[in-house]
Amino acid sequence: MALADYKDMVHRCFRCGYCKFTSDYSYVGFNCPIYSKARLESYSPGGLMWLIYASLVKGKLKPSKHFSEILYSCTMCRNCSEECKFQFHDDIVHVLKAAREEMVDRQLMPPMVSQFLKNVYDYGNPYRELKENRDNWAENTDIRHYEEDDEFLYYVGCVGSYDTVSQKAARALGNVLLRSGLSFGILGSREICDGNEVDMLGEKGLFEFLKEENTKTFKELGVKKIVTLSPHSYNTLKNNYSDEFEVFHYTQLLRDLIKSGKLDVSRGFKAKVTYHDPCFLGRYNNEYDAPREILTAIPGIELIEMERTKENSFCCGGGGGNFYTDVIGGGENTPSRIRVREAHETGASILAVSCPVCMMMLEDALKAEGLENDLAIKDISEIMDAALA
Amino acid sequence: MDIYGSLVEIVGEEFVSDQEEELYIYSRDSGAQQPRKADYVVVPKTVEEVQKIVLLANKEKIPVTPMGGGLTLSGLAVPLKGGIVLDMKRMDRIIEINEKSKYALLEAGVTQGALYSHLQKNYPHLEHSMPDAPPMATIVGNVVIQGHGHLSVSCGINSQMVNGMEVVLPTGEVCKLGSCSVSPYWFTRDPLPDLMGLFIGWLGTTGIITKIALQLFPKPKFRDLLTFTSNELDLLPDFIFDITQLNLMDNLFIISQEWPPWAQGILYVPIVSAQDEEEFELKKKLHIELLRKYEGKITLVEGKHADRMREARLPVPPVTLGVMAADAKQGGGFEYTGGIVPIEKVPEASTRSVEIAHKYGQPYLLGYQLLTSGHSMMCGLAYCLNRADDEDVEKVRNAIDETNKMILDVGGVLWKAEAPGQRLMVQKMDPNTINLMKRVMKALDPNAIMNPGNWSE
Ligand SMILES: Cc1cc2nc3c(=O)[nH]c(=O)nc-3n(C[C@H](O)[C@H](O)[C@H](O)COP(=O)(O)OP(=O)(O)OC[C@H]3O[C@@H](n4cnc5c(N)ncnc54)[C@H](O)[C@@H]3O)c2cc1C
Ligand code: SF4
Ligand code: SF4
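A brief report on the enclosed structure follows. (Residues numbered from 1 in each chain as written. Chains lettered and ligands numbered in written order. Predicted model: local features only at pLDDT ≥ 70, side-chain atom pairs only at ≥ 80, totals over all residues. Heavy atoms only, no water.)

1. A closer look at the sheet that holds strand E1 (residues 152–155) of chain A
Residues and elements named next belong to chain A. Ordered in space as E2-E1-E3-E4, the four strands form an open sheet in which the pairing is parallel. For this open sheet the edge positions go to strand E2 (184–185) and strand E4 (246–249), each flanked by a neighbour on one side alone. For strand E3 (residues 225–228) and E4, the ladder comprises four bridges, and the chain directions are parallel. In the sheet register, Lys225 faces E4, and the bridge partner there is Glu246. Together, E1, E2 and E3 form the strand contacts of helix H8 (residues 164–180), whose direction differs from that of E1 by roughly 165°. The strands touched by helix H12 (residues 250–259) within the sheet are E1, E3 and E4, with E4 carrying the most contacts at an inclination of about 85°. (Pairing = 2+ DSSP bridges. Helix = DSSP H or I, 4+ residues; strand = E, 2+ residues; numbered from the N terminus. Contact = heavy atoms within 4.5 Å. Axes fitted to C-alpha atoms, helices over the stretch in contact; angles between N-to-C directions.)

Written out as structure tokens, the structure is:
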């Protein structure tokens with residue numbers, strides 16, 4: 001829906017700030033990633049709502065460059081929608097997205113956001129990488145292209161396809177799926193951006209285009225079931241694409257494959273592990289159990305929860321395109337660095353993730369914190385790969 | 001002089017803003033008062049930074065308005081004369097919990113939510129008296145306005161629970177008050193001259209509190225509320241007298257509101273707690289037995305309405321009916337006159353506030369809190385507003401003004417009064433008292449830089 005559709009709602013935000021906390025106050029601190037970093041009221045859900053009202057609904061403030069930076073620093077993590085005490089709570093992130101659509105219409109996005117969108121338009125990915133190279137990560141593996149009658153399309157997404165850190169997860173998942181005996185394939189150079197971030201950044205037209213293109217490809221190939229590496233892809237394919245496709249996040253599929261005995265994890269994996277819930281799997285799609293069920297099924301893993309878990313998880317800071325645009329900026333209190341410190345405090349030696357965006361964000365933060373010798377970031381697919389008998 | 005540049009030098013670029021967006025946000029609150037434009041927003045981390053900011057402001061005669069959660073709804077942290085808004089919430093260290101002497105030593109930006117979380121996690125047998133305000137409110141902001149929490153009746157109002165303070169004076173000196181001025185322990189405010197009185201109730205006009213020691217209390221194993229209903233307002237003073245003579249409550253809310261219909265009468269909501277189940281049941285029983293004296297006139301509410309009250313009033317931190325009032329008109333705000341009145345004047349104040357509400361086309365919405373063990377009543381007379389409708393906001397401002405006058409007229413005083421309400425009190429005040437206040441303010445703040453526009457005529 002457009003911002004105009006929310007014009008009678010935006011001013012209802014009371015700026016009371018419940019949305020900055022976790023639901024059970026189990027954590028001494030704030031759970032809105034941008035407020036945790038900036039500590040200015042403007043960078044908070046209530047501040048955003050009031051600024052959107054003043055700038056884009058009432059026209060009392062000119063939508064400036066600074067406003068656009070504040071708006072796009074939000075990672076769309078959905079903590080605010082989860083914690084706001086009012087009836088309209090679900091609409092808060094919808095308003096944030098609608099405000100971005102308005103900024104895109106007026107061409108007032110921060111330069112890095114424009115760059116992201118342009119790159120996706122020109123190249124089908126934000127990195128300006130060639131389409132032909134999209135499946136380079138799968139070289140020297142047995143992972144092949146999707147063929148009609150394959151049961152699953154393995155949809156990798158831009159980050160898993162091109163980011164060197166996340167490619168490890170893409171390969172590991174491919175390997176695990178091969179080991180399960182499931183028939184599946186990837187799209188290779190026919191895969192283009194799923195559009196989740198494009199949608200979150202407010203470029204509706206481009207999102208519709210991506211959706212149409214992907215849908216066309218899926219249909220041409222006769223795809224019925226899709227398994228995604230990224231929760232971002234999962235979110236948009238499941239909720240915004242046609243219902244004809246049955247969409248799974250890989251943790252859901254692997255959990256089922258373990259349960260049905262198609263994957264044997266008896267080799268185990270000996271480590272203390274803590275798990276970081278990605279926003280687009282957790283708060284957006286309410287899937288908290290599948291990743292944990294996998295981890296606890298693997299012999300040798302001791303799962304230790306961080307202070308903030310499940311619906312109270314703290315965003316890695318990469319959502320809403322920030323993994324690329326970095327509107328949120330650097331420094332000691334970037335969400336990813338806060339999160340890595342929190343993971344380290346549990347005493348775990350492995351910080352498990354189930355999202356390529358979280359993986360790259362947290363990996364960078366680990367280096368910035370100098371914790372590489374104490375903690376390793378591993379995707380659940382990598383842990384599974386190592387645990388297979 | 002380059003004020004912005006100097007502020008950046010003190011706290012770093014990230015934590016100063018003179019951009020329209022921050023100025024907009026810090027120039028208004030969720031109540032009905034007029035916005036006042038800030039010139040700078042600064043978010044300090046240390047007492048040294050606060051000190052430097054104050055020295056700069058004092059030299060350049062720039063107003064400084066300290067702000068915690070900014071949640072009073074009466075514009076008390078909105079900079080009436082512009083200048084710097086000092087958002088204190090980055091000073092958020094919980095420095096110490098002294099378990100045996102039961103106090104928390106906190107930096108000024110620690111929120112109610114943060115202290116609650118810290119105690120829940122590390123000292124689950126201790127609690128602090130938590131206001132019904134959203135948990136973003138700071139401990140210090142609440143103390144400064146003499147707020148009250150869920151232990152108001154059993155343990156007193158929150159400003160009475162302060163053992164010590166560190167303050168930055170408007171001229172830049174850092175000063176310790178209470179036992180901490182003599183000893184490493186922040187365990188008591190007595191028996192020294194009570195200099196903390198120079199900062200409590202002054203709404204930031206006399207200095208900036210940077211640390212505070214707050215008393216903690218045993219957390220009970222059992223806590224519940226009872227709901228009594230009555231249609232006879234005149235019984236209120238006697239009933240309050242009787243119920244406080246039992247001396248068994250943590251807190252007592254009184255609610256009367258036009259909507260929903262079952263809340264139209266007077267709802268008395270005593271909160272009781274105990275460490276032991278038998279004691280707990282006995283306390284509840286004694287309260288219910290009190291109703292015999294008021295047979296047919298005050299009755300116990302049970303069932304779904306009582307459960308709804310539990311849901312709204314029992315959780316700490318609260319999600320109160322009060323917060324919900326902000327969306328009653330789907331308008332994003334409300335403001336209330338907090339009149340503190342003698343118990344015998346509550347019926348008159350209530351009747352007159354219903355009349356005022358109706359005159360302004362508002363449903364009545366009264367939320368009262370008994371203060372200490374029956375010594376006065378905070379009468380929260382609330383008006384919901386629609387922020388999108390300037391006329392509606394102005395109407396609420398006028399209703400607040402009229403309610404303030406009524407409270408003063410019945411012999412009450414105004415709690416956390418907006419600047420116009422403060423002026424009404426100053427006009428009524430004994431001239432020698434206001435002169436003394438002026439002398440104190442002048443002595444502490446010769447250039448009148450601290451939250452100016454408050455406590456002045
Ligand atoms: C829904 C709702 C319910 C409420 N219920 C209650 C309740 O039950 N009990 C209650 O007491 N209040 C209640 N309030 C009122 C108010 O929100 C609280 O009292 C709150 O604790 C104020 O704290 P704050 O941090 O928001 O203060 P602010 O509004 O930030 O500041 C209050 C005053 O203190 C000054 N100040 C702030 N920090 C400093 C400092 N470091 N040094 C010097 N001066 C300073 C400010 O300049 C201002 O004048 C309620 C408010 C709302 C919105
Ligand atoms: S989004 Fe909801 S919880 Fe947050 S400030 Fe607005 S009304 Fe309050
Ligand atoms: S979506 Fe997340 S980052 Fe954005 S305002 Fe809400 S809580 Fe903050």
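2. Observations concerning the layout of surface pockets
Approximately 940 Å³ is the volume attributed to the second largest pocket. Contributing to the lining of the second largest pocket are 32 residues, with Tyr27, Val28, Arg39 and Asn333 of chain A together with Asp92 of chain B lying nearest its centre. Residue assignment for the lining of the second largest pocket shows that the elements contributing at least two residues are helix H1 (33–38) and helix H15 (335–345) of chain A together with helix H4 (112–122) of chain B. Ranked by residues supplied to the lining of the second largest pocket, first place goes to H15 of chain A with four residues. Per-class residue counts for the lining of the second largest pocket are nine nonpolar, eight polar and 15 charged. (1 Å grid on protein atoms, 1.4 Å probe; cavity = no way out; pocket = protein on both sides within 12 Å on 5 of 7 lines; lining within 4 Å. Points joined across faces, edges and corners; volume = space filled by probe spheres on them. Nonpolar A, V, L, I, M, F, W, Y, C, P; charged D, E, K, R; others polar.)

3. Regarding the packing of helix H2 (residues 45–57) of chain A against helix H5 (residues 91–105) of chain A
Residue and element names in this part refer to chain A. The N-to-C vectors of H2 and H5 enclose an angle of 35°; their axes lie 11 Å apart at closest approach. In this structure, the crossing between H2 and H5 has a hand that is left-handed. Along the contact surface, H2 presents Leu48, Met49, Ile52 and Leu56, while H5 presents Ile92, Val95, Leu96, Ala99, Glu102 and Met103. Its residues assigned to classes, the contact of H2 with H5 comprises nine nonpolar, no polar and one charged. (Left-handed = near helix turned anticlockwise from the far one by under 90°.)

4. With respect to the interface of chain A and chain B
The parts lose accessible area when they come together, and the size of an interface is often stated as this lost area. Contacts between the two partners involve 42 residues from chain A and, on the opposite side, 48 residues from chain B. Roughly 3,800 Å² of surface becomes buried between chain A and chain B when both sides are summed, with 61% attributable to carbon and sulfur atoms. Counting the surface chain A buries against chain B, the share from its top three residues, Phe14, Arg39 and Trp50 of chain A, is 19%. Counting across the chain A and chain B interface gives five salt bridges. Two residues, Lys89 of chain B and Glu41 of chain A, come together in a salt bridge whose shortest N-O distance is 2.9 Å. Applying the counting rule to chain A against chain B returns 19 residue pairs in polar contact (both at pLDDT 80 or more). (Buried area = accessible area lost by both parts, 1.4 Å probe. Salt bridge = Lys/Arg side-chain N within 4 Å of Asp/Glu carboxyl O. Polar contact = N/O pair within 3.5 Å; in protein donor to acceptor, adjacent residues only side chain to side chain.)

Read these as layout, nothing more, since geometry by itself doesn't imply function.
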